[in-house]
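Overview (structure and organization)
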Amino acid sequence: MKSLTIILINLALVAFPALALAGAELQVIHNSADPAAAEVDVYINGDLALDDFAFRTATPFLDVPSGVELNIGVAPGNSTGPIDILASFPVTLDNGGRYLAVANGVLDSGAFAENPDGRSTGFTLFLQDHMASGAWWGTVKLRAVHGASDAPAVDIRTRIPAYDYNSLLYGNVAYGDIGRTRLVFARDRIIDVTLPGQPGTVVASYNAPLESLARQAFVVFASGFLDPEANQGGEGFGLFVALSDGTVVALPAAGEPTARLQVIHNAADPAASEVDIYVNGDLLLNDFAFRDATPFIDVPAGVQLNVGVAPGNSESAEDALAVFPLTLDTDGTYVAMATGVLDPTAFAENPAGNSIGFTVQPLADAREMGYWGRAAVVAFHGATDAPNVDIRRTTRWGRSLKIFGDLGYGDFSSYRFLRARSYTLQVTPAGDPGTVVAAYQADLSGLGNGAAVVFASGFLSPADNNNGAAFGLFAALPDGTVLTLPAAGGSDLLAEEKSDVVAFKAALDQNYPNPFNPMTTISFSLPKDGRVSLKVYDIRGRMVRNLVEETRGAGRHEVTFDGTGLASGMYMYQVTSGDFTQTRRMTLVK
């Protein structure tokens, strides 16, 4: 008799019964929190399939017979044979189907807490068909299983810490329910378990690192008891993820309320060229230099943060020159811009009469990412002796379009979502587009789905301001990188047309057009001069074109790819320069 031999996650060899060519796929999860079932043996049609199968473990998806009845029996761990089976569950699987089986419940319902919704808590097998095998680029597919026998019906909600966003994923899920497949963008999230219809009543919160699970399909299952003492001392409640390969991951409970914060030093007073930053008396940043920025970091939310700014190399928070109280919302994202001068009387006044004293200016609802390939850009006016300004960009036809309007000293703009390409930015007096104070090149081609804080910095007249740093435009990225925007050669030139434009970071853009026939353009950006290769591969990984193999300068580059002579289908193109490598896909259609 032929048998199908499989290797389970514990690397033990087991055998399933004989099967015909027809088959299905099945994943089994052990989620019975009864301490007496901490380990079980699983039999299929009398043959041992899983030996000492432990609580909160899972098999990968396994090939099993279809079209015939399978009696799945569960016995205590280290059983002697099918005679020891505690419960048996007959199932018949469709040919080509993909199934989930969750062993759940308790062996003696009378010895455990009742389910609040009156659901049976006896040991059973939850079976679900139409399980997904994967997800699209940048997404995940998941199903949720309510497997906590003493827990009431709940809503499952998700939120992204970087945004003020909260959505219902599953509503009114009771014990034993398996939610339908949900497609979710692969962003790190917090999963909140709330009472039905009461989004503000959070029972528990968990961190869900979905970015690392992109393109995968998996099961999120509630497990354990809300009240272990009332349930024979069984394991406490938690959320777990079972991946298709059998890996089970515990989702960590979300900790104390936090917010995301980036600090930028933009105080051009020479006496504040380096400062120490204290938060509630503890040193956060030592010798923090002018025009430097931190990356976004997690900080406590919902409590007052006393941000003290002291001279560089200070000895303690008692040396602080000024203290600024900040209270941040839970899961909010903020930028704190240190700006101004220590002694306003020693510096030129602001033309609009705005106070120029040293301060920390916060921006709420800051962003660490853009969306749909666009860059999220916000502007800050941080030049104390400059009037109100507009920031404009030029088009390829030489027109000037306003991006940020009427910014006074100390103002943040609202966010604009700009295409990831190169621009010439013009600084003009507010309402006077014909008078260009300065023009700068800003290459956003490497910031698709990224973000930046563009800030005006320094003095228009250094001689009138203790010879402080001169005016310029700078960009702070979410990772703390601060870049100087170079002066443009002329206000009527597009930065993308100049070969000496400095890119924000190395990047490979999606080809355009895509799909294509037979010509398409591939663009990439380099932050510095270096040797670069650009190659095209077929779907089998065989190189079909070597488009670039040479040293190129910093900036944005475009290469035309001619697919003449190649078959229709999907191809991959890869750019490599130094430590940077990125690959994208494109489709040739004839």
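So, here's what we can say about the structure. The residue numbers shown here count from 1 along each chain, following its written sequence. Residue-level local features of this predicted model are given only where pLDDT is at least 70; pairs of side-chain atoms are given and counted only at 80 or more, and the full residue set underlies all totals for whole chains, interfaces and linings. Remark: hydrogens and water are excluded; side-chain values derive from all non-hydrogen atoms of the structure.

1. Quick word on the pairing of strand E26 (residues 333–339)
Inclusion rule: Burial classes follow relative accessibility: with a 1.4 Å probe on protein chains only, a residue under 20% of its type's maximum area counts as buried, one over 50% as exposed, and anything between as partly exposed. Counting from the N terminus, the helices are the DSSP runs of H or I reaching at least four residues and the strands are the DSSP runs of E reaching at least two. Paired strands are those between which DSSP finds at least two bridges.
In terms of burial, E26 is a largely internal element, seven of the seven residues being buried. Of the pairings in the sheet, the one linking strand E20 (residues 258–265) to E26 comprises six bridges and is parallel in character. Counterpart to Leu 261 in the pairing with E26 is Tyr 334. In this structure, E26 lies alongside strand E27 (residues 359–363), joined through five bridges in antiparallel fashion. Looking across to E27, one finds that Thr 339 is bridged to Thr 359.

2. A short note on empty space enclosed by the protein
Rolled over the atoms, a probe sized like a water molecule indicates the empty space that remains. Convention followed: As defined here, a cavity is a set of points on a 1 Å grid over the protein atoms alone where a 1.4 Å probe fits but cannot get out. A pocket is an open set with protein on both sides within 12 Å along at least five of seven lines, and residues line them when an atom is within 4 Å of a point. Grid points are joined across faces, edges and corners, and a volume is the space filled by probe spheres set on the points. Residue polarity follows a fixed list, in which Ala, Val, Leu, Ile, Met, Phe, Trp, Tyr, Cys and Pro are nonpolar, Asp, Glu, Lys and Arg are charged, and the others, Gly among them, are polar.
Summed over all chains, the structure comprises eleven cavities of 30 Å³ or more. Taken as a whole, the largest cavity spans an internal volume of roughly 160 Å³. In terms of lining, the largest cavity is formed by 16 residues, of which the most central are His 146, Val 154, Val 193, Ala 222 and Phe 237. Within the residue set of the lining of the largest cavity, elements represented by two or more residues are strand E11 (139–146), strand E12 (154–159) and strand E17 (217–223). Here the lining of the largest cavity is built from residues that sort into 15 nonpolar, one polar and no charged.

3. Regarding a nonpolar patch on the surface
Stated precisely, the cut-off is as follows: Think of a patch as exposed residues, more than 30% relative accessible area, with no salt bridge, where like charges cluster within 9 Å and nonpolar side chains (Val, Leu, Ile, Met, Phe, Trp, Tyr) cluster within 5 Å. All accessible-area figures derive from a Shrake-Rupley calculation using a 1.4 Å probe, and residue coverage is judged against the displayed protein chains alone. A carboxyl oxygen of Asp or Glu within 4 Å of a side-chain nitrogen of Lys or Arg is what we treat as a salt bridge.
Taken together, the side chains of Phe 185, Tyr 371 and Trp 372 present a nonpolar region at the surface, about 410 Å² in accessible area. In this structure, Trp 372 sits in the loop between E27 and strand E28 (374–381). Residue class for Trp 372 comes out exposed when judged on its relative accessible area of 70%.

4. What to know about the environment of Thr 327
Note the following rule: Contact definition: two residues touch when any of their heavy atoms are within 4.5 Å.
With respect to the helices, strands and loops of the structure, Thr 327 is situated in strand E25 (residues 322–327). Thr 327 gets classed as partly exposed once you look at its relative accessible area, which sits at 49%. With 23 residues separating them along the chain, Thr 327 and Gln 304 place their C-alpha atoms 4.6 Å apart. Aside from chain neighbours lying at most four places away, what touches Thr 327 is Gly 302, Val 303 and Gln 304.

5. Description of the sheet that holds strand E22 (residues 282–289)
Heads up, the condition is: The axes used here are C-alpha line fits, helices contributing only the stretch in contact, and every angle between their N-to-C directions lies in the interval 0 to 180 degrees.
Strands sit in the order E22-E21-E24-E25 across an open sheet of four strands; the sheet is antiparallel. Edge positions in the open sheet fall to E22 and E25, since each of these has one partner strand only. Each strand of the sheet is rotated relative to its neighbour by a mean of 20 degrees, with strand direction disregarded. Note that strand E21 (residues 274–279) and strand E24 (residues 304–311) share five bridges and pair antiparallel.

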